[in-house]
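Summary of structural features
Next come the chains, spelled out residue by residue.
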Amino acid sequence: MKAKNLALTLVLASFSAWTQAGELPPEVLAKFVKLLSSSANSAGKVACKDGGMAGELAKLGVNADGGSKVAWAASEAEVRSLKSAGKLVLCGKLEWLPAGGAIAIVEEGGKPQIYLHMGNISASGVALSDTILKIGKKL
């Protein structure tokens, strides 16, 4: 567990200088998706239909697997569909959390931020590490 905590701390620190406003680039999002899926014990697998994100995840050793309990959503419609399938839905837009997203990874104030929708996390049945629960902003 200490290795996961250290890895997450290093990733967060390495992106603290991120200064562009708006959405995070796919290569940055993929690193967070990998860490979050590891926290959820998804064994290096994430359900992902988005080709660009799947490619970035593959570079990091994460396999796109529709059977995974953790999923990346690239649209609000996909968020709804994945939530109804009982998945822990990760997304890149804060406004998709009410639609069923469990965790949003967004740029805020020049830095990546993690937002947690506790109701959707609970509904997914996926347990996250204490580290993620401590660093994420809860809604």
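Owing to the predicted nature of the structure, the values given are computational and were not obtained by experimental measurement.

Quick word on the pairing of strand 5 (residues 103–108)
- Summarising burial for strand 5: five of the six residues are buried, a large majority.
- Where strand 4 (residues 88–91) meets strand 5, two bridges bridge the pair, whose relative direction is parallel. Bridging across to strand 5, Cys91 finds its partner in Ala104.
- Two strands pair when backbone bridges link them, and strand 5 and strand 6 (residues 111–116) are joined in this way by six bridges, in the antiparallel orientation. Considered in strand 6, the bridge of Glu108 is made with Lys111.

Describing the pattern of salt bridges
- Enumeration according to the criterion identifies five salt bridges in this entry.
- With its nearest N and O atoms 3.2 Å apart, the salt bridge here joins Glu56 to Lys59. In this pair, Glu56 and Lys59 both sit in helix 3 (residues 51–59), three residues apart, roughly one turn of the helix.
- A relative accessible area of 17% means that Glu56 is categorised as buried.

A few points about the pairing of strand 6
- Among the six residues of strand 6, five are classified as buried, and the element is accordingly described as predominantly covered.
- If you look at the hairpin formed by strand 5 and strand 6, you'll find two residues sitting between the two strands, and Gly109 has a positive phi there, around 65 degrees.
- Where strand 6 and strand 7 (residues 137–138) come together, two bridges link them in parallel fashion. Across the sheet, residue Leu116 finds its bridge partner in strand 7, namely Lys138.

A word on the nonpolar core
- Formed by 26 residues in total, the largest nonpolar core has its most connected members in Leu57, Trp72, Leu88, Leu90, Ile103 and Ile105.
- Among the elements of the structure, helix 2 (26–39), strand 1 (45–48), helix 3, strand 3 (70–72), strand 4, strand 5 and strand 6 are those that each provide at least two residues to this core.
- Looking at which element gives the most residues to this core, the answer is helix 2, with six residues.
- In this structure Ile103 touches Leu36, Leu88, Val89, Leu90, Cys91, Leu97, Ile114, Tyr115, Leu116, Ile121 and Leu128, once residues within four positions along its chain are discounted.

What counts, and where the lines are drawn
Throughout this description, residue numbers start from 1 for each chain and increase along the sequence as written. Under the rules for a predicted model, residues below a pLDDT of 70 receive no local features and side-chain atom pairs below 80 are neither given nor counted, while totals for whole chains, interfaces and linings still include all residues. The basis for every side-chain value is the complete set of heavy atoms in the structure, and neither hydrogens nor water enter the calculation. Only protein chains enter the accessibility calculation, which uses a 1.4 Å probe. A residue is then buried if its area is under 20% of the maximum for its type, exposed if over 50%, and partly exposed in between. Secondary structure is summarised from DSSP: a helix means a run of H or I of at least four residues, a strand means a run of E of at least two, and numbering begins at the N terminus for each. Here the rule is simple: two strands pair whenever DSSP picks up at least two bridges between them. Here, a salt bridge means any Lys or Arg side-chain nitrogen found within 4 Å of an Asp or Glu carboxyl oxygen. For this analysis, a nonpolar core means a set of buried residues of the types Ala, Val, Leu, Ile, Met, Phe, Trp, Tyr and Cys, connected via side-chain atoms within 4.5 Å. We call two residues in contact whenever any of their non-hydrogen atoms come within 4.5 Å of each other.

Purely geometric stuff here, so don't read any function into it on its own.
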